[in-house]
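The primary structure of each chain is shown beneath.
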Amino acid sequence: MKRNDYDEGYDDEDLDFEDVDNDLEACSGVEDLIDGLTEKQVRDFLNEVACKYPEVANLITIRFGGSMSEEDVEAIIDELDNMEVRRRDDYYGNISYEYGNNICDFMRRYVSEMIAAGKFEAANEICIAVYDKIGELSESDYYDVLYDVMNDCLDYWRKIEEKCPMPDKLKILDRLQKAADDSHEYDDYCSSIQKLIDDAFSEKECLVRKLDLVNDSITRYKPDSTMPEGVRDSTLARTVIKKLNLMTRIGCAQAEIDAVVMSNWTIPEVRFWHAESLHARGQTDEAIQILSKSRGMLYAGRYWTAMVTRKLADYYRELGKPNDCKRELKHYLLEIELNSCSWDYLPDCMRQLKDLCEPDEWASCREKLLERCKTYTSLEFSILNDEGLYERLMDALLEDGTVSDVDKNEDKLKPLFPERLKTYYADYIVRLAPKTSNRGEYAALMPYLQKVASYPGGQELAKEIASRWRTDFHRKRAFMDELQKAGF
């Protein structure tokens with residue numbers, strides 16, 4: 001569980017919830033002495049130690065006391081608040097690994113004991129207190145050492161949720177939801193708790209309670225007063241979708257679900273959810289009607305039309321309607337703004353359209369798409385590569401590509417255009433060399449010098465470049481050293 005500057009991560013198995021006595025093993029040298037103490041001696045000693053060390057008093061309360069009061073929990077949280085926030089002695093001054101380790105030890109000492117003692121609500125409060133603590137720190141700290149602390153909290157919460165009885169589980173669910181609602185200013189902090197709530201607590205009683213909480217959230221909801229009139233509110237949309245998903249999981253009557261859908265029909269995401277629900281129930285024609293009528297919804301956001309069009313193409317393909325599918329694919333590729341489309345979906349979309357088109361028709365579509373891609377060069381290079389238009393790809397790379405783009409396509413282009421690539425790489429390193437100023441930059445030139453040497457006739461050219469560098473940069477010892485390492 002301990003971490004340091006050389007520890008990149010740890011396994012979930014490091015969180016030992018079962019053997020909570022590992023750190024409390026008695027030293028074998030004093031066992032006989034302890035056995036010989038009277039009860040009064042033991043009580044007096046424990047009282048003295050508990051008064052001197054608050055953590056001992058807290059552990060005694062957890063292990064041997066009854067239910068924990070708010071004061072008992074606050075006493076433990078005070079220990080967390082009094083923990084010194086230590087930072088690294090470097091340029092950035094981020095939270096030290098030692099501080100992260102101390103918080104993890106704090107949770108292992110108390111939360112594990114509480115779980116073992118069946119004091120789940122108290123364990124939950126400690127985790128929330130730790131989460132609040134890390135949520136208050138800076139974003140750079142949050143994503144460094146304290147990201148591990150956050151994961152530890154989530155692991156403890158999962159263990160609490162697995163072990164606690166239903167009455168406690170419902171109370172913990174309420175408390176976690178309040179913590180998520182109160183911490184909206186920390187986006188990742190809040191979303192991690194919310195994801196835990198959504199993924200866990202899967203028993204029907206918990207699902208019903210989550211539905212009650214969602215309904216309360218909708219009732220209390222107030223639109224953002226700074227939002228322009230007519231602009232959709234994504235927060236309300238997410239909440240209504242969550243309600244619909246919970247109603248489905250609980251098994252509410254379809255009429256009840258449909259009533260919620262109709263009462264929120266102006267929300268684009270609700271229409272999309274309803275279409276997907278109809279499709280899942282085999283009513284794809286009805287789903288198509290809904291999405292077709294909803295494609296032009298005002299204020300739906302620039303991604304809405306692209307998402308609906310892509311889904312319509314999928315529905316038509318499933319129904320075996322190639323002409324309708326082709327129409328939607330053309331609309332997706334040739335009419336919608338490319339920056340609104342999912343680039344992960346584009347290659348598959350192009351392959352589908354190519355399969356549905358006659359060769360001449362596809363060639364026309366491809367040229368229109370390439371024309372649209374002039375400002376998205378990586379997409380243009382990808383299409384030219386997939387289509388086997390290697391000469392055009394070579395021209396486009398030399399005109400608009402970066403050296404990284406050329407590297408990605410070198411394997412296919414090298415057998416076809418060795419002279420052009422050799423010249424390109426040679427010109428690249430000759431231009432770049434005078435701008436280098438440290439060993440790392442010198443070393444980065446060498447693989448490209450070796451590339452030049454790997455082409456037909458490239459050995460002599462590479463030696464000529466290396467010789468010129470030895471003359472021009474002879475005072476840069478690190479440069480000369482890197483040249484020698486590279487074999488020149």
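Preceding this section is the structure that the text describes.
Residues numbered from 1 in each chain as written. Predicted model: local features only at pLDDT ≥ 70, side-chain atom pairs only at ≥ 80, totals over all residues. Heavy atoms only, no water.

Student: Looking at this structure, how should I read the overall build of the protein chain?
Tutor: On a plain count of helices and strands, the protein chain comes out with 26 helices and zero strands. Taking all 488 residues of the protein chain together, 43% fall into the buried category. Within the protein chain, contacts between residues at least 6 apart in sequence are counted, and of these 61% link residues at least 24 apart. Accessible surface for the protein chain amounts to roughly 27300 Å². Of this, 49% is attributable to carbon and sulfur atoms. (Helix = DSSP H or I, 4+ residues; strand = E, 2+ residues; numbered from the N terminus. Buried < 20%, exposed > 50% of the residue type's maximum accessible area, 1.4 Å probe, protein only. Contact = heavy atoms within 4.5 Å. Areas by Shrake-Rupley, 256 points an atom, 1.4 Å probe, with all protein chains shown as cover.)

Student: So what exactly am I meant to see when it comes to unusual backbone geometry here?
Tutor: One can expect most non-glycine residues to show negative phi and most peptide bonds to be in trans. Its identity is not glycine, yet Phe201 carries a phi of approximately 50°, on the positive side. As for its placement among the helices and strands, Phe201 is situated in the loop between helix H10 (187-199) and helix H11 (204-220).

Student: Any chance you could explain a nonpolar patch on the surface here in plain terms?
Tutor: Residues Val30, Leu33, Ile34, Leu37, Val42, Phe45 and Leu46 make up a contiguous nonpolar surface patch of roughly 610 Å² in combined accessible area. Elements that contribute at least two residues to the nonpolar patch include exactly helix H1 (31-35) and helix H2 (39-52). With three residues, the single largest contributor to the nonpolar patch is H2. The topology assignment puts Ile34 in helix H1. (Patch = residues over 30% accessible without salt bridge, like charges linked within 9 Å, V, L, I, M, F, W, Y side chains within 5 Å. Salt bridge = Lys/Arg side-chain N within 4 Å of Asp/Glu carboxyl O.)

Student: Sorry if this is basic, but what is going on with the side chain of Asn124 here?
Tutor: Tracing the sequence through the fold places Asn124 in helix H6 (residues 120-135). Not counting the four nearest positions on each side in its chain, Asn124 is found in contact with Trp157, Ile160, Ile172, Arg175 and Leu176.

Student: Is there a simple way to think about helix H16 (residues 304-318) in this case?
Tutor: A turn of α-helix holds 3.6 residues, and therefore any two residues three or four places apart point the same way. Here H16 spans 21 Å end to end across 15 residues, near enough to the 21 Å set by a 1.5 Å rise per residue. Listed in full, the buried residues belonging to H16 are Trp304, Ala306, Val308, Thr309, Lys311, Leu312, Ala313, Asp314, Tyr315 and Tyr316. Structurally, H16 contributes buried residues whose contacts are with helix H14 (268-280), helix H15 (284-294) and helix H17 (322-334). Note on H16: the residue one or two positions beyond its end, Gly320, has a positive phi of about 75°. (Expected span 1.5 Å × (residues − 1).)

Student: When you look at the packing of aromatic side chains in this model, what are you seeing that I'm missing?
Tutor: Aromatic ring pairs are reported here in terms of the distance separating the ring centres and the angle at which the planes meet. Applying the stated criterion across every chain, the model contains 10 aromatic pairs. Taking 5.6 Å as the distance between ring centres and 35° as the angle between the ring planes, the aromatic pair formed by Tyr425 and Tyr448 counts as tilted. In this pair, Tyr425 sits in helix H23 (residues 418-432) while Tyr448 sits in helix H24 (residues 439-454), placing the two residues 23 residues apart along the sequence. Judged by relative accessible area, which is 15%, Tyr448 ranks as buried. Arranged with centres 5.0 Å apart and planes meeting at 10°, the rings of Phe473 and Phe479 form a pair that is stacked. Side by side, Phe473 and Phe479 carry an identical accessibility label, which is buried. Through successive ring pairs, a cluster of aromatic residues spans Tyr424, Tyr425, Tyr428 and Tyr448. Across the ring face of Phe417, the terminal group of Arg420 is positioned such that the distance to the ring centre comes to 5.9 Å. (Phe/Tyr/Trp six-rings, centres within 6.5 Å; stacked < 30°, edge-to-face > 60°. Lys NZ or Arg CZ within 6 Å of the ring centre and 35° of its normal.)

All quantities given are derived from atomic positions and should not be read as evidence of function.
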